[in-house]
Amino acid sequence: MLLKNTRSFFQIKEVASLGFLFSTSSLMIGIWAAALPFIIKRLEVSDGELGLLLLFGPMGSLCGVFISGYVFSKVKVGTWLGNGNMLYVALITLEILAPNKWLFGAALFFRGFISFLNGVAVNTMVGILETKYQRRFMSTSHAMYSVGGGVSAGIAALLYGLKVNSGWQAFLIGGFIVIMILILKKYYLAHDFYVHSKSSFNFPDRTILGLSFICLVIFMTEGCIVDWSSIYLERNLSVPVYLISLGYGGFATAMTLGRLNGDRIIPKIGEKNIVVGGTIIAALGMVLVSLGGSSWAAILGFTITGVGCAGIVPVLFSAAGKIPGVSPVQGFAMITSGGLIGFVAGPSIIGFISERTNLSYGFLIVLFMLLLASTTGWANKWLSAPISTN
């Protein structure tokens, strides 16, 4: 099923070209993440200062939430797709090479801003192509992001082994991305239209807020596992250093495999069942993490959480483009704003709880939030039922 679904995705060139754009940001992030220890040394910042600087990225993204409607009522989506992603490459390269923390922070802010607008453009276009071809592409598109991150992490390790520094790595990977975008440019420019009218921003109703809340919880879960899984395994469960990455590794692998199969599974199971069932499965994974009492139970728990979360964000983003009376750009901005809050605030809340009690209690908060998201999903009217095969 996986190979058949992936092969059919790449057979449609305008869809495959968008899939590549999903991988571009994660290809660069892998290089950036590996370069971060060297950036810290060069800029001479403490962990606390770095934490404050990193907030500039989400701040830029939140600014993008409010201005995205205006941008895409003025700029055609095909024009933005390639140019926006090339600008992203330039900004993250600037971060890697920044000579001082002020330039680093400024580049982070504008990268967050551009990254959000890039997300609006590609996710909106995937929704449009799903309607055009009457089939799903969103889950596989998001899987391309996960694949890009894994590939770039491996490339960074290889290049560091060959004594290639982070600056040259950024130029090499960034140059590859720019060349590919220029090769695929004709597919992007073919989308010669605007994806947002000049309608004013309306406060979302309770149903849309529900989708935004579910997005908040899933992004919160992912952010907490990214930031705290290795620390939990080492500090609370005494896992050897060479194994502490298995928590996030299991989560990420499960997410990737789930999303590669998601476009075929979601119509059969139904959007509502994916969200409700997925959040319950993810919550069961967090039970193992918090209460399992052993390293392997925790690693298995993180992996099960990845299985549960895999299809939820693609479902939410597809739903964002199909809300009656709301443009795809506004729908995406409304729903994703919750995700941004969750991704930023979630790990900080867990850290606050961990400092005063125990990290396992922090993960119990994630468990509770997942159960709330399951209840919210069950009551949401924009999530569809399974498609009958009769």
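Up top you'll find the structure we're talking about.
Thresholds applied
Residues numbered from 1 in each chain as written. Predicted model: local features only at pLDDT ≥ 70, side-chain atom pairs only at ≥ 80, totals over all residues. Heavy atoms only, no water. Helix = DSSP H or I, 4+ residues; strand = E, 2+ residues; numbered from the N terminus. Buried < 20%, exposed > 50% of the residue type's maximum accessible area, 1.4 Å probe, protein only. Contact = heavy atoms within 4.5 Å. Axes fitted to C-alpha atoms, helices over the stretch in contact; angles between N-to-C directions. Nonpolar A, V, L, I, M, F, W, Y, C, P; charged D, E, K, R; others polar. Patch = residues over 30% accessible without salt bridge, like charges linked within 9 Å, V, L, I, M, F, W, Y side chains within 5 Å. Areas by Shrake-Rupley, 256 points an atom, 1.4 Å probe, with all protein chains shown as cover. Salt bridge = Lys/Arg side-chain N within 4 Å of Asp/Glu carboxyl O. Core = buried A, V, L, I, M, F, W, Y, C linked by side-chain atoms within 4.5 Å. Phe/Tyr/Trp six-rings, centres within 6.5 Å; stacked < 30°, edge-to-face > 60°. Lys NZ or Arg CZ within 6 Å of the ring centre and 35° of its normal. Expected span 1.5 Å × (residues − 1). Disulfide = S-S within 2.5 Å.

S.K.: Break down the environment of Gly-210 for me, citing the residues and quoting the values.
M.R.: Within the fold, Gly-210 resides in helix α10 (residues 206–235). A relative accessible area of 9% places Gly-210 in the buried class. Ignoring anything within four residues of it in the chain, the contact list for Gly-210 reads Thr-376 and Asn-380.

S.K.: Before we move on, could you go through the packing of α10 against helix α11 (residues 246–269) and cite the residues and values that matter?
M.R.: α11 packs onto α10 with a crossing angle of 145° between their chain directions and a minimal axis gap of 8 Å. Facing α10, whose interface residues are Glu-222, Ile-225, Val-226, Ser-229 and Leu-233, α11 presents Gly-247, Tyr-248, Phe-251 and Met-255. Classifying every residue of the contact of α10 with α11 by side-chain character gives six nonpolar, two polar and one charged.

S.K.: Kindly report on a nonpolar patch on the surface, identifying the contributing residues and their values.
M.R.: On the surface, Leu-52, Leu-55, Phe-56 and Met-59 cluster together into a nonpolar patch covering about 370 Å² of accessible area. Relative to the elements of secondary structure, Met-59 occurs in helix α4 (residues 56–74).

S.K.: Explain the nonpolar core residue by residue, including any values.
M.R.: Judged by nonpolar contacts, the single largest core of 110 residues is most densely connected at Phe-72, Leu-81 and Phe-104. With residues near it in sequence (within four places) discarded, Phe-104 still touches Trp-32, Ile-39, Leu-43, Leu-50, Leu-53, Glu-95 and Ala-98.

S.K.: Outline the packing of aromatic side chains, supporting the account with residue identities and numerical values.
M.R.: For the structure shown, the criterion picks out 13 aromatic pairs. Where Phe-9 meets Phe-137, the ring centres are 6.3 Å apart and the plane angle is 65°; that geometry is what we call edge-to-face. Taken as a pair, Phe-9 in helix α1 (residues 2–11) and Phe-137 in the loop between α6 (101–133) and α7 (138–161) lie far apart in primary sequence, 128 residues in all. Neither Phe-9 nor Phe-137 differs from the other in exposure class; each is buried. Summarising the aromatic geometry, the rings of Phe-302 and Phe-363 are spaced 5.7 Å apart at their centres and angled 75° between planes, so their arrangement reads as edge-to-face. Note that Phe-302 is positioned in helix α13 (residues 295–309) and Phe-363 in helix α16 (residues 359–379), a separation of 61 residues in sequence. Residue classification places Phe-302 among the buried residues on the basis of a relative accessible area of 0%. Phe-363 sits in the buried class, given a relative accessible area of 0%. Each residue in the set Phe-9, Phe-10, Tyr-133 and Phe-137 is aromatic and connected to the rest through ring pairs, giving one cluster. Taking NZ or CZ as reference, Arg-111 lies 5.3 Å from the ring centre of Trp-32, over its face.

S.K.: Before we move on, could you go through the pattern of salt bridges and cite the residues and values that matter?
M.R.: Applying the stated criterion to the full structure yields four salt bridges. With a closest N to O distance of 2.8 Å, Lys-132 and Glu-14 form a salt bridge. You can see Lys-132 sitting in helix α6 and its partner Glu-14 sitting in helix α2 (residues 13–43), a full 118 residues away along the chain. Judged by relative accessible area, Glu-14 falls into the buried class, the value being 14%. The residue Lys-76 makes a salt bridge to Asp-192 at a minimum N-O spacing of 3.1 Å. Placement of the pair is Lys-76 in the loop between α4 and α5 (77–97) and Asp-192 in the loop between α9 (185–189) and α10, with a sequence separation of 116 residues. Given a relative accessible area of 27%, Lys-76 falls into the partly exposed group.

S.K.: Please provide a residue-by-residue account of α13, values included.
M.R.: With 15 residues, α13 ought to run about 21 Å at 1.5 Å a step, and its terminal C-alpha atoms sit 21 Å apart, in line with that. Every buried residue belonging to α13 is among Ala-297, Ala-298, Ile-299, Gly-301, Phe-302, Thr-305, Gly-306, Gly-308 and Cys-309, and all of these are buried. Tucked inside the fold, the buried residues of α13 contact α10, α11, α12 (271–291), α14 (312–320) and α16.

S.K.: So, the state of the cysteines: which residues are in play, and what are the values?
M.R.: Counted by the stated rule, this structure contains zero disulfides. A disulfide-free cysteine, Cys-63 has its sulfur positioned 18 Å from the sulfur of Cys-215, the nearest such atom. Free cysteine: Cys-309, not disulfide-bonded; nearest cysteine sulfur from Cys-224 at 11 Å.

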